[in-house]
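# Structural overview for review
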Amino acid sequence: MPRVLIVEDDLDVRRAVQLGLRHQGHEVFAVETGEEGLEQLRPFRPDVVVLDLMLPGMSGLDVCRRIRDRDQVPIIMVTARGDDVDVVVGLETGADDYVVKPVQARVLDARIRAVLRRQDASLPDGTRPRAETYGELVVDRAGLVVTHRGEPVTLAPSELRLLLTLSASPGQVFSRQQLLEAVWEHSYHGDIRLVDACVKRLRNKLGEGRNPRYVQTVRGFGYRFGTS
């Protein structure tokens, strides 16, 4: 039974989401503030955090940063405005996915299950279950371990899945839509900003500069994995 930590200050929303997710078979713990959410990370040990972007006191963005400083638990943001620039900022801060209010329990349940599948050891079709070396980058598909210049790289589930998907077919160009469907299991084209934000985070963790070696942009088309 997946454990879900809800951080939401609106009592009605909090109760509705809590009841809906419990009905879907999740174990749920709900809190009102970001500070309470951070306090519950260790004792509750959630599989997923559902985090409201607009919180009193410590903001959802600050909570997201604090979680990422200590943990790679999947984070799904909840926002009141789907086109808000804060959504992009939240994704770049470390959130794995997002939903827009009013939150529908079945939609949130689908996003939770998708992000948990990304955390599992399930790999894209055709991947090779062995360690692969690309210059200073080593991708161990069996162990789900990534090292760069001999140092382990800590990746959130969506970042790891994105890297596994791209590196499974070096040189192949993937459109944002293809990556959205392969990594996030979404089909709505408006969610392609998930891809761009995740690429940015992944590049930062791999120390990629202005001319990325591994996660390369093919302008007008999408992204590919480079090996040289």
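Residues numbered from 1 in each chain as written. Predicted model: local features only at pLDDT ≥ 70, side-chain atom pairs only at ≥ 80, totals over all residues. Heavy atoms only, no water.

## Quick word on the UniProt feature "modified residue: 4-aspartylphosphate" (unreviewed entry) in the protein
Formally: UniProt positions are given in the numbering used here, feature names are shortened, and annotations may be inferred rather than shown by experiment. Each helix is a run of H or I in the DSSP string that is no shorter than four residues. Each strand is a run of E no shorter than two, and both are numbered from the N terminus. We call two residues in contact whenever any of their non-hydrogen atoms come within 4.5 Å of each other.
Residues given the UniProt feature "modified residue: 4-aspartylphosphate" (unreviewed entry) here are Asp-52. Here Asp-52 lies in strand E3 (residues 48-52). Residues within four places of Asp-52 in sequence aside, it is in contact with Val-7, Glu-8, Asp-9, Gly-60, Val-78 and Lys-101.

## Quick word on the confidence of the model for the protein
The criterion, for reference: As a per-residue quantity, pLDDT reports the predictor's confidence and falls between 0 and 100.
Chain-level statistics for the protein give a pLDDT mean of 88 and a share of 91% at 70 or above. Low pLDDT (under 50) marks residues 121-127, which in the prediction has 12 contacts with non-local residues, meaning those over four places away or in another chain.

## Some words on empty space enclosed by the protein
Let me state the cut-off plainly: In the cavity and pocket records, a cavity denotes points on a 1 Å grid over the protein atoms alone where a 1.4 Å probe fits but cannot get out, a pocket denotes an open set with protein on both sides within 12 Å along at least 5 of 7 lines, and lining residues are residues with an atom within 4 Å of a point. Grid points are joined across faces, edges and corners, and a volume is the space filled by probe spheres set on the points.
Under the criterion given, the structure shown has one cavity of 30 Å³ or more. Taken as a whole, the largest cavity spans an internal volume of roughly 50 Å³. Ile-6, Val-7, Glu-8, Val-13, Val-17, Val-50, Leu-51, Asp-52, Val-78, Val-103 and Leu-108 together form the lining of the largest cavity. Those elements that provide at least two residues to the lining of the largest cavity are strand E1 (3-7), helix H1 (11-23) and E3. It is E3 that contributes the most residues to the lining of the largest cavity, three residues altogether.

## Re the pairing of strand E11 (residues 215-218)
Inclusion rule: A pair of strands is labelled paired if DSSP reports no fewer than 2 bridges between them.
Here four bridges tie E11 to strand E12 (residues 222-225), and the two strands are oriented antiparallel to one another. Residue pairing in the sheet places Val-215 in a bridge with Phe-225 of E12. Where E11 folds back on E12, the antiparallel hairpin that results is connected by three residues, among which Gly-220 adopts a positive phi of roughly 85°.

## A look at the nonpolar core
Generally speaking, nonpolar side chains in soluble globular proteins are found buried as a group. What counts is decided by this rule: As used here, the term nonpolar core means buried Ala, Val, Leu, Ile, Met, Phe, Trp, Tyr and Cys residues forming a set that is joined through side-chain atoms within 4.5 Å. For every residue, the accessible area (1.4 Å probe, protein chains only) is compared with the maximum for its type, and the residue is labelled buried under 20%, exposed over 50%, or partly exposed between those bounds. Each domain's limits were defined by an automated method or a database of domain assignments.
Within the largest apolar cluster, 49 residues are counted, with the highest numbers of intra-cluster contacts made by Val-49, Leu-51, Ile-67, Leu-91, Leu-162 and Leu-166. With six residues, the top contributor of residues to this core is helix H8 (residues 193-205). No fewer than three residues from each of domain 1 (3-119) and domain 2 (131-225) sit in this core. By size, the runner-up hydrophobic cluster in this structure holds 14 residues, among which are Val-4, Val-48, Val-99 and Ile-112.

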